[in-house]
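So you can see what is in the structure, the chains are spelled out below.
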Amino acid sequence: MYDVKKGYEAAKEFYAQYGIDVDEAIRIADETPISMHCWQGDDVGGTELKEDKSLTGGIQTTGNYPGKARNGEELRSDIEEAMKFIPGNLKMNIHANYQEADHFVDRNEIAPEHFDKWVDWAVEKGIGLDFNPTYFAHPKSENGTLSAADEDVRKFWVEHGIKCRQIGEYFYKKTGKPCVINHWTPDGDKEVPIDTLGPRERLKKSYDEIFEATKDVEGVIDGIESKVFGIGAESYTVGSHEFCMGYVMKANKDHIIMTLDDGHYHPTEMVSGKLSSIFTFADSVLLHVTRPVRWDSDHVVGFDDETKAIFEELVRMNKLQDTYVATDFFDASINRIAAWVIGLRNTRKAMLAALLQPNAYMKELEAKGDVSARLAYKEEFKAAPFALVWDYYCDQKGVGVSLDWLKDVQQYEKDVLSKRA
Ligand SMILES: C[C@H](O)[C@H](O)[C@@H](O)C(=O)CO
Ligand SMILES: [Mn+2]
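Residues numbered from 1 in each chain as written. Chains lettered and ligands numbered in written order. Predicted model: local features only at pLDDT ≥ 70, side-chain atom pairs only at ≥ 80, totals over all residues. Heavy atoms only, no water.

1. Things to note about the UniProt feature "binding site: Mn(2+)" (unreviewed entry) in the protein
Residues annotated in UniProt with the feature "binding site: Mn(2+)" (unreviewed entry) correspond here to H264, D296 and D298. Spatially, the listed residues are clustered: although they cover 35 residues, their C-alpha atoms lie within 9.9 Å of one another. Position of H264 relative to the elements: it lies in the loop between β8 (256–261) and α8 (275–281). On the basis of relative accessible area, H264 is assigned to the buried category, the value being 4%. For H264, the residues in contact, after removing those within four places along its chain, are W184, E225, S226, K227, V228 and D296. Its location among the elements puts D298 in the loop between β9 (285–289) and α9 (305–316). A relative accessible area of 2% places D298 in the buried class. Other than its neighbours up to four places away in sequence, D298 contacts T290, R291, D328, F329, F330 and D331. (UniProt positions renumbered as here; feature names shortened; annotations may be inferred. Helix = DSSP H or I, 4+ residues; strand = E, 2+ residues; numbered from the N terminus. Buried < 20%, exposed > 50% of the residue type's maximum accessible area, 1.4 Å probe, protein only. Contact = heavy atoms within 4.5 Å.)

2. As for the pairing of strand β4 (residues 179–183)
Successive side chains on a regular strand alternate, one facing one side of the sheet and the next facing the other. With respect to burial, β4 is a largely interior element, five of its five residues being buried. Side chains of β4 alternate between two faces, with C179, I181 and H183 and V180 and N182 buried alike. Both β4 and strand β6 (residues 220–225) contribute to a ladder of five bridges, which runs parallel. The residue bridging N182 from the neighbouring strand is G223, located in β6. (Pairing = 2+ DSSP bridges.)

3. With respect to the coordination of the manganese ion (ligand 2)
At the metal site, the manganese ion (ligand 2) is ligated by E225 (OE), D261 (OD), H288 (ND1) and D328 (OD), and these contacts range over 2.1 to 2.2 Å. For the manganese ion (ligand 2), the six donor atoms in the first shell make angles of 70 to 178 degrees at the metal, a pattern classed as octahedral. For the manganese ion (ligand 2), the single-chain donor residues occur in sequence as E-x35-D-x26-H-x39-D. With E225 in strand β6 and H288 in strand β9, this residue pair connects regions lying 63 residues apart in the sequence. (Donors = N, O, S within 2.8 Å, 3.2 Å for Na, K, Ca; no water. Tetrahedral: all angles 85-135°; square planar, octahedral: opposite > 155°, others 65-115°.)

4. Observations concerning the confidence of the model for the protein
Predicted coordinates in areas of low pLDDT are best not read in detail. Residues with a pLDDT of 70 or more make up 100% of the protein, whose mean pLDDT is 98. Overall fold confidence for the complex sits at a pTM of 0.98, while the interface term, ipTM, reaches 0.99. (pLDDT = per-residue confidence, 0-100.)

5. Describing the packing of helix α2 (residues 22–31) against helix α13 (residues 386–397)
Two elements in contact, α2 and α13, have axes whose closest approach is 11 Å; the angle formed by their N-to-C orientations is 60 degrees. Relative to α13, α2 is oriented oblique. The handedness of the crossing between α2 and α13 is right-handed. The residues of α13 that touch α2, namely those facing V22, I26 and D30, are V389, Y392, Y393 and K397. (Axes fitted to C-alpha atoms, helices over the stretch in contact; angles between N-to-C directions. Parallel < 35°, antiparallel > 145°, perpendicular 65-115°, else oblique. Left-handed = near helix turned anticlockwise from the far one by under 90°.)

6. Quick notes on unusual backbone geometry
The phi torsion at V44 lies on the positive side, around 65 degrees, for a residue other than glycine. With respect to the element layout, V44 can be found in the loop between β1 (34–37) and α3 (72–83).

7. With respect to the site of ligand 1
Neighbouring residues of ligand 1: 14 residues in total, closest H95, E225, K227, H264 and D328. Take D261: an N or O atom from its side chain is 2.9 Å from an oxygen atom of ligand 1. In this structure, H288 approaches ligand 1 through a side-chain N or O atom, which is 3.3 Å from an oxygen atom. Protein burial of ligand 1: of its 310 Å² of free accessible surface, 99% is covered by the chains. Here the shell around ligand 1 is composed, by residue class, of five nonpolar, four polar and five charged. (Near = heavy atom within 4 Å. Polar contact = N/O pair within 3.5 Å; in protein donor to acceptor, adjacent residues only side chain to side chain. Areas by Shrake-Rupley, 256 points an atom, 1.4 Å probe, with all protein chains shown as cover. Nonpolar A, V, L, I, M, F, W, Y, C, P; charged D, E, K, R; others polar.)

8. A short note on the packing of aromatic side chains
In this structure the tally under the stated criterion is 21 aromatic pairs. Consider the rings of F14 and F381, whose centres lie 6.0 Å apart with planes at 55 degrees: the pair is tilted. Taken as a pair, F14 in helix α1 (residues 4–16) and F381 in the loop between α12 (371–380) and α13 lie far apart in primary sequence, 367 residues in all. In this structure an aromatic cluster arises from ring pairing among F14, Y15, Y18, Y361, Y377 and F381. If you follow K308 out to its NZ or CZ, it ends over the ring of F303, 4.7 Å from the centre. The positively charged end of K349 is found above the aromatic ring belonging to F303, 5.6 Å away from the centroid. (Phe/Tyr/Trp six-rings, centres within 6.5 Å; stacked < 30°, edge-to-face > 60°. Lys NZ or Arg CZ within 6 Å of the ring centre and 35° of its normal.)

9. Overview of helix α6 (residues 197–213)
Here α6 contains 17 residues, and its C-alpha end-to-end distance of 24 Å stays within 8% of the 24 Å for a straight helix at 1.5 Å per residue. Residues of α6 that are buried: G198, P199, L203, S206, Y207, I210 and F211. Looking at the buried positions of α6, the neighbouring elements they touch are α5 (151–175), β4, β6, β7 (236–237), α7 (241–251) and β8. (Expected span 1.5 Å × (residues − 1).)

10. A look at the packing of α2 against helix α10 (residues 336–355)
It is at 9 Å that the axes of α2 and α10 come closest, and there the two elements cross at 145 degrees. For the element pair α2 and α10, the recorded crossing hand is right-handed. The residues of α10 that touch α2, namely those facing A25, I26, I28, A29 and D30, are R348, M351, L352 and L355. Grouping the constituent residues of the contact of α2 with α10 by class yields seven nonpolar, no polar and two charged.

Now the structure itself:
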């Protein structure tokens, strides 16, 4: 291993030339919570006591890497293993299908106690819990959920949404940390329907009913997530971007915000390009960080141009603290713990990289009209000695410098994952 401290000192000197306080950047990146999604650990299968765990809703995991978690205990132990190598403040994000009742409980009947194992675990670790209704992978989700024309089906899912907000409040009360709920429904159609308005009016009605029935719930923030299409629903998505943005803006309630998932748009449409428009009208957003390859493929987050651009935007707008950052990917083709470690480290890395730029000075240059210097600075910092600061930060947090974590994850695969049937 090279002399990490020496590298940090040299990088500190480099950044100081541009008035950048490396330690302050580390502090901010370290304290900003990232909500780590539980569903990478078992391909979104969940822990409900039911036979059929097939994934529906137009999302897909591909691959069959051995060793996926088969129950809540295994999942939490895998999460703990991954967490050893992820620096900074974390929350845990679970889905409603990760309930652990000792008998089958249907989605419209879930209750706080069915999540007590997660709550006890989170309290013991001192972390917050976020939540997601599960409007898919269920026999009643085949012809729509919150937008279903069948009133019994629609009501069933409204009850599920209501239960989820009550559970979110329970998480808040138990952990002392606000619970961020992401509301996503896959409802859509393979062909453009003749009636495109009816399903959207029903979805609006359902959200209204969920929020009205739970208006006294405390400590919950609700993200409304849009999507362009899903597998099998290629032509029409009820909860489109325009629908969700319209819903959030019209609701005009502090707790109802937009969720922007960077896999949920046309391939050339960038979330980084949307953030300032949204922040012109909204005080906060929920971000789902993923890596779409040609579609919403949910590849492991990379330290790629778009991830970096998203965090640059947030830092430059001074909106990082107003953004609920969550990861959302599911890759079953590689070691699932490695997937978490790589994706979560890259998310934090992009955040730190954005903080290590002369943002205030570049803004000044732009305001003065010195656009040549603006471009020169932008380009120069792409090759700044960022990795030396990142390595130092990881060293300080004891999460493994560079690839140190890899051999431990491989060992865990040998000792634990490979023994799972
Ligand atoms: C499993 C999650 O609910 C899901 O990933 C959702 O957030 C989404 O992005 C669906 O495409
Ligand atoms: Mn998402």
